[in-house]
Structure formats: structure tokens, C-alpha cells
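Chains, contacts and geometry: an overview
So you can see what is in the structure, the chains are spelled out below.
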Amino acid sequence: MKKYLAIDIGASSGRHIVGWKEDGELKTEEVYRFPNGVVEQDGHLTWDIDALEKHVRTGIDEAMKIYPEIGSLSVDTWGVDYVLMKGGEPVLPCYAYRDSRTETAIPKVHEQMSFSDLYRRTGIQFQPFNTIYQLYADKLAGRLDEADSFLMIPEYLMYRLSGAESHEYTNATTGGMVSAETGEYDPEIIRTLGLPGRFFRPLQRPGSVIGEYRGIKVMLCATHDTGSAVEGIPMEGNELYISSGTWSLLGVKTPKPLTDAGSEAANYSNEGGVGYNRYQKNIMGMWLANRLRSELCPEKPWDEITAEAEEKHFDHLVDVNDPVFLAPESMKAAFDSKLPHPPKCTAGYFRCAYRSLADGYRRAIEEIEQNTGNRYRRLYIVGGGARNKYLNRLTEEATGKQVTALPIEATALGNIMIQIKNGGEKA
Ligand SMILES: C[C@H](O)[C@H](O)[C@@H](O)C(=O)CO
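Residues numbered from 1 in each chain as written. Predicted model: local features only at pLDDT ≥ 70, side-chain atom pairs only at ≥ 80, totals over all residues. Heavy atoms only, no water.

Attention now moves to the state of the cysteines. Counted according to the given criterion, the structure contains 0 disulfides. Left unpaired, Cys94 is separated from the closest cysteine sulfur, that of Cys221, by 18 Å. Free cysteine Cys352: the closest other cysteine sulfur is in Cys345, separated by 12 Å. Judged by its relative accessible area of 1%, Cys352 falls in the buried class. (Disulfide = S-S within 2.5 Å. Buried < 20%, exposed > 50% of the residue type's maximum accessible area, 1.4 Å probe, protein only.)

And the structure:
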């Protein structure tokens, strides 16, 4: 029985999950898990890409010990970030998206092409960490002159395994340089910003085999983790979804990108899917609670935290998408700066975070229904955040949608399903 290996890496952790079809059913087993996190280096936030590579290799060793018959593997990670390459070797550091190095680049990009023009062309939300601003910051720092190309994180890790460079479509779309019309890098954007043309190759679709590692086919899944997550949601019909991890990605599948003024004003993104468009929005997500916990009560179990948050009576809300929450020194101080007065106790901060997240979901869904002209009945929630029963209830109450919370590894499932579909088996 053929086995498939998904390597799914998020901002805070990674996992190796083996999957196979048995009596028509998809079976999975997690064989390796490892931590991830940003590393401060010379005053910048970076990823320890060498450590990630080591974990990727160790996890494959573990998987092959248990399942020597693995036929293919694929890596997916968070979007936007990349590694510059020179002569087949990485040009480090590998910057992390919460680093503030794009501050000067953003206005310089918009002087040459306004955000509205970029949006009309790509349909990608404004986020200070979009690859377009990171590459322009590298240009201003003279880092592009010495580089031959750039590889998004999953493609870099698969290059290290197979020696094959690749540029996968769903992940490339997170960068803000791919034409919503052609699904390829937009030459007008590249030319206008004076970015090196040699960097931007034809994009490859999920399911493409790019090489081999120890006899295992290396295949491109939807290497943008959210792209695989949406593939992995066992959804009936076309309903709303939240991929809930460090970020909450709330969206819906649409046949085509929506790049109209209403979508721009609501800062909706149109990221590539597997045969459809992901009309979705970044919402600050579990990052808020994760940072509050590491600052205020690192040892406290999550069940206790949510139970206390449910009991307390602090009902002020914050706008969870306020930039103050993206990479604050202190998350507590960030909340205090946006509240009329601070909560009297720690639980009050978590209550505010969860109730504000649910309110953020409510507003985002109103925008989706406004901009798509459709009404949706159900909301599927997948990923680690789907385990939070208190937030699921708040979300159902705030949005009026029937919430189906599935604390499943939807990203790894989607990764495996794409491999199965393109591995000659019926998915
Ligand atoms: C920067 C975020 O990671 C990105 O916008 C988001 O789509 C993602 O990749 C979540 O894992």
C-alpha cells in the first residue's frame, strides 16, 4: 500500500504525517513533531532555516523507519517568506515576516506603483510582510545584486532534499506579485520596481513532481499551508472556512479573484487555490493568546485559561487586526494601549482576545457576504485553534453561522490528498 509523507511547518511548530488510502478511507499517522520560532539576529527577526532543514531530514528518517514504502513527500509552510540563493547556496539570514525591515520599502514601492494598482493587478491584501516589500527591502540593502534567485521556504527545503529549484503557484500568490488574471508573475510589476527578471520563473501547479530524495518522489503540494488546509477541509458545498493557527485565515472559495474596490477596502486577499481562488483575509489569530500566555502565565494549561476567560466580566473589545498586535515587545502593553482601562486580572486579557477575535470574524464575514453577494450558512474551523470550545461558541454567537469545528491537521491532510490525487490513486 503506497504511503505519502506530508511535512507541514507553521510559525510555531512542524510535523511529519504519513497518509495512505485503506478501504477507500484516508488514514494518517503523525511520526515526528518539532518546535519552530523566530530567532533574533543582529536586531532582526529571522528563521533558523538550517535547524528547519535538519528537522525535515530527521522526520523523514523517522517516517522511513516505520514506513519504508513511502512513495512521495511534500513540504508546506507559512507564506511570504523566502531564502535568497547564490550558486545553489542560501544567502542568509532568512528574514521572518514579523521583522520590521520593510518599513522604508513600502512607501518607495507605492511611489512607483500605487497599492490600488497593485491590488487591481494581483488582488493581494496589504500586509507589511508581503514578499514584494521584503524583496524591495533587499534591493535597497543591495542583497539582490549578489543573488541568482529566491526560493519560498517550502521550495527551499525541497531544493535541499532534491537539488531541484521550483516556484509553486499557491505560495507565490501570497507575495503580491502574481497576476490575478494570468496566474503568473506580473512582468509589469517586476519591471516597474526594477526587480531582477531572472528571479521570476514560470509557476508550477500543485501535483508537479520536481525531483527525488532517497528514492522518494518530491512533489509540490499547495505549498502555502493555507492552500493545503483548504484542500483538506471535508466541506459540504461551498461554505466559509477559518484555518485557525498562529493566524486565522477566514475565507471562501470563489471561481475567480475579486479585485474590486470593495474587496480592496476590506483588505481581502485572493490567494491561489487548487482549481479555485481563495478569497480570504488574515486575522491576527491565536498569536494574540499565545503571546499573552508566554508573557503572563507560561505554565498555565489552556483549559484553565479559557475557563477563567469565560467566567470573567471584562467586556471591552479591541480591533484584532490593529498593526499594534503584529510584533509588539509586550502583548499586554499592546492590549492596554487599545483599551479604555486594563483588565484587573490576567484572565481579562484572554477574555478580551477571544471575544475580539469572534467580533473580528463577524465583521470579516459581513464583508465577504457584501463583496461576493452570497449568504453562507455554515462556518468550518480547522487547525489547532478549532480545539478552543469557548472561542467556537463565541464565534457561533457573534456570526450567527453554524460552526463546524474540526481540530484536524487539515493542512497535512490537504498536502497528502494532493499527493494521492497526483500519485495515480483516487483521492
Ligand atoms: C504571513 C502569514 O503566515 C501568511 O499570511 C498566512 O497566509 C500563512 O501562511 C499562515 O500560515
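Don't stop here, the text continues.
For the peptide bond that leads from Leu92 to Pro93, omega is 10°, which places it in the cis range. On the secondary structure map, Pro93 appears in the loop between strand 8 (89-91) and strand 9 (94-95). Positive phi outside glycine occurs at Asp42, with the angle close to 50°. Relative to the helices and strands, Asp42 is located in the loop between strand 4 (39-41) and strand 5 (44-47). Judged by its relative accessible area of 71%, Asp42 is exposed. Not every positive phi belongs to a glycine, and Arg214 is a case in point at roughly 50°. (Helix = DSSP H or I, 4+ residues; strand = E, 2+ residues; numbered from the N terminus.)

What follows covers the sheet that holds strand 12 (residues 216-219). Reading across the sheet, the 6 strands line up as 3-2-1-6-12-11 and stay open at both edges, with mixed pairing between neighbours. Single-partner strands in this sheet number two, and they are strand 3 (25-35) and strand 11 (209-213). Direction aside, the axes of adjacent strands within the sheet are offset by 25° on average. Judged from the 4 bridges that link them, strand 11 and strand 12 form a sheet pairing that is antiparallel. By the bridge assignment, Glu212 is partnered in strand 12 with Lys217. Where helix 1 (residues 49-66) meets the sheet, it contacts strand 1 (3-9), strand 2 (13-22), strand 3, strand 6 (70-77), strand 11 and strand 12, and its direction lies at approximately 135° from that of strand 3. (Pairing = 2+ DSSP bridges. Axes fitted to C-alpha atoms, helices over the stretch in contact; angles between N-to-C directions. Contact = heavy atoms within 4.5 Å.)

Surveying the vicinity of the ligand reveals the residues Trp78, Gly79, Val80, Tyr97, Phe129, His224, Asp225, Thr226, Trp247, Leu249 and Asn282. Interatomic distance of 2.8 Å between a backbone N/O atom of Gly79 and an oxygen atom of the ligand. Here His224 contributes a side-chain N or O atom positioned 2.9 Å from an oxygen atom of the ligand. For the ligand, the protein covers 93% of the area, taking 310 Å² as the surface of the free molecule. (Near = heavy atom within 4 Å. Polar contact = N/O pair within 3.5 Å; in protein donor to acceptor, adjacent residues only side chain to side chain. Areas by Shrake-Rupley, 256 points an atom, 1.4 Å probe, with all protein chains shown as cover.)

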